[in-house]
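What the coordinates show
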Amino acid sequence: MGENGMAGKRRRGWILTAVLLAGWLSLALEGCAGRQAPQKRYLRIGVVMYDVNDTFLSELIACFREDAKSLQTEERSINVTVRDGEKSQRTEDSCVEELIDGGCDVLCVNLVDRTAPSRIIDMAMERDIPIIFFNREPVKEDLAQWDRMYYVGSDPEESGVMQGELAADYIRSHSGVDRNKDGVIQYVLLEGEPGHQDAIIRTESAVSTLTREGVQLEKLSRQIANWNRAQALTKMSQMMTQYGSRIELVLANNDDMALGAIDALRQAGITEGSRPAVFGIDGTKEGLQAIVDGTMAGTVYHDKEGQAMTMAKLAAALYDGEDLSSFHLKDWTYCYLPYQKVTPENLEKFLER
Ligand code: GAL
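Throughout this description, residue numbers start from 1 for each chain and increase along the sequence as written. Local features in a predicted model are, by the rule used here, given only for residues with pLDDT of at least 70; side-chain atom pairs are given and counted only at 80 or more, and totals for whole chains, interfaces and linings are based on all residues. The basis for every side-chain value is the complete set of heavy atoms in the structure, and neither hydrogens nor water enter the calculation.

We now examine the overall build of the chain. Within the chain, the regular secondary structure consists of twelve helices and twelve strands. In the chain, which comprises 353 residues, the proportion classed as buried is 49%. Residues count as neighbours in contact if any of their non-hydrogen atoms are within 4.5 Å of one another. In the chain, the proportion of contacts linking residues at least 24 apart, taken out of those at least 6 apart, comes to 73%. As presented, the chain carries roughly 17,400 Å² of accessible surface, and 51% of it is formed by carbon and sulfur atoms. Each helix corresponds to a stretch of at least 4 residues labelled H or I by DSSP, and each strand to a stretch of at least 2 residues labelled E; elements are numbered beginning at the N terminus. Only protein chains enter the accessibility calculation, which uses a 1.4 Å probe; a residue whose area is less than 20% of its type maximum is buried, one above 50% is exposed, and one in between is partly exposed. Accessible surface area values rest on a Shrake-Rupley calculation with a 1.4 Å probe, where residue burial reflects the displayed protein chains alone.

Structural data, given as structure tokens:
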């Protein structure tokens, strides 16, 4: 082999080495790029509440914020923005518009007027932003308009039945409730907003359960206090002026109104033995404390932790484009979390939450 031949071979050898090296380098670089952390994604959740001062809902949203934080991963951050509808559907619609304009991937909507979601649905559909309605259930026909709308809440009838059963048990085991010993329990109702699914249905099912349980009832009065403690105090004071010590039982659609009734009894200086038995629903922090203190006779736990976590997980799944079968949604839309009776045996468990 001559010099030329050797040089040619060497040259070819270098060329081959260079080509191999370049190939190896590019593979190595590609490999590095492949291992690079993927771009972080940001899930922006826009929440609107009918009223940020509502006790049960503010406790629920506090849980939701924590849950959203806990569902963050290295690849996906979650940012939650909460706006106040200030009890006006028009204001709430504007909040949603601003949230969408500011950038929003999933909406969580607690309607002011559960029969008027159209504007919000139209805006969300236009930008393909899924909506999780919660706590205030839109009517079926509205939810059927688009397949990217969901509802997270609880079954109001269940809570009413449980309240009725708790009250019936209490009346049976506390003969002193029937203070005038006429064999009939004189009662008053404190109700949530008219038109809210939880108000009408809780009242009806609590009363019919008591009757089914064999408790003889006489309704003295029914007052609307819009879920609100201060309003309940006023309404209860008025009923006390009218009926005095005849009131033996107070059935309130939620804990805040039950607490308002207890405030009224305290203000009027009614001593413990002469007070009516008061029942609520929700198991809010103050509601549970009133059970501990013995001022409230019973409540039904409204699973804010379960609802908040379901909403947070659903929002993340919708954003990630995951399959939703693990949510076991009824009609691919509804998720109802169960209520629980608060009893002396399980009270501790709820206080720890
Ligand atoms: C009910 C709850 C009430 C109040 C209301 C507001 O489910 O029991 O305390 O929060 O929702 O919509």
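And the narrative resumes.
With that settled, the discussion passes to the environment of L265. Mapped onto the elements of the fold, L265 is located in helix α9 (residues 255-267). With eleven residues separating them in the primary sequence, L265 and P276 have C-alpha atoms 8.8 Å apart.

On to the sheet that holds strand β9 (residues 277-279), then. By this definition, two strands are paired if DSSP reports at least two bridges between them. One open sheet holds the four strands; their spatial order is β7-β6-β8-β9, and the pairing between them is parallel. Edge strands, defined here as strands with exactly one partner in the open sheet, are β7 (217-224) and β9. Ignoring strand direction, the axes of neighbouring strands in this sheet form an average angle of 20°. Examined bridge by bridge, strand β8 (residues 249-252) and β9 share three bridges and lie parallel to one another. For L249, the partnering residue across the bridge sits in β9 and is A277. Here, axes are lines fitted to C-alpha atoms. For helices the fit covers the stretch in contact, and angles between N-to-C directions go from 0 to 180 degrees. Strands in contact with helix α6 (residues 156-173) are β6 (185-191), β8 and β9; relative to β9, the strand with the most contacts, it is inclined by about 160°.

Before going further, it helps to examine the pattern of salt bridges. Salt bridge, as used here: a side-chain nitrogen of Lys or Arg that lies within 4 Å of a carboxyl oxygen of Asp or Glu. Using the criterion set out here, one finds 22 salt bridges in the structure. E66 serves as the salt-bridge partner of K69, at 3.6 Å between the closest nitrogen and oxygen. Here E66 and K69 lie together in helix α2 (residues 55-70), a separation of three residues that amounts to about one turn. Owing to a relative accessible area of 52%, K69 belongs among the exposed residues under this scheme.

Looking at the element boundaries, R114 is found in the loop between β3 (106-109) and α4 (118-127). Only four residue types enter the tally: Lys and Arg on the positive side, Asp and Glu on the negative side, with His and both chain ends excluded. Despite its burial, R114 pairs with no opposite charge, the nearest such side chain being E137 at 6.0 Å. Polar side-chain contacts of R114 include one of 2.8 Å to the backbone oxygen of E137. From its side chain, R114 meets the backbone oxygen of G195 in a polar contact 2.7 Å long. Distance and chemistry together define a polar contact, namely a pair of N or O atoms within 3.5 Å, with one atom able to donate a hydrogen and the other to accept it when in protein, and with adjacent residues in sequence counting only for side-chain atoms on both sides.

The next thing to look at is the site of the ligand. By convention in this text, a residue qualifies as near a molecule or strand provided that one of its non-hydrogen atoms is within 4 Å of it. Within the structure, the ligand sits among 13 residues, and D54, N135, H196, D198 and D282 are positioned closest to it. A distance of 2.9 Å separates an oxygen atom of the ligand from a polar side-chain atom of R202. Protein coverage of the free-state accessible area of the ligand, which is 310 Å², stands at 100%. Residue assignment for the shell around the ligand shows that the elements contributing at least two residues are α2 and α7 (197-212). A per-class count over the shell around the ligand returns four nonpolar, four polar and five charged. Just so you know the grouping, Ala, Val, Leu, Ile, Met, Phe, Trp, Tyr, Cys and Pro go in nonpolar, Asp, Glu, Lys and Arg go in charged, and all remaining residues, Gly too, go in polar.

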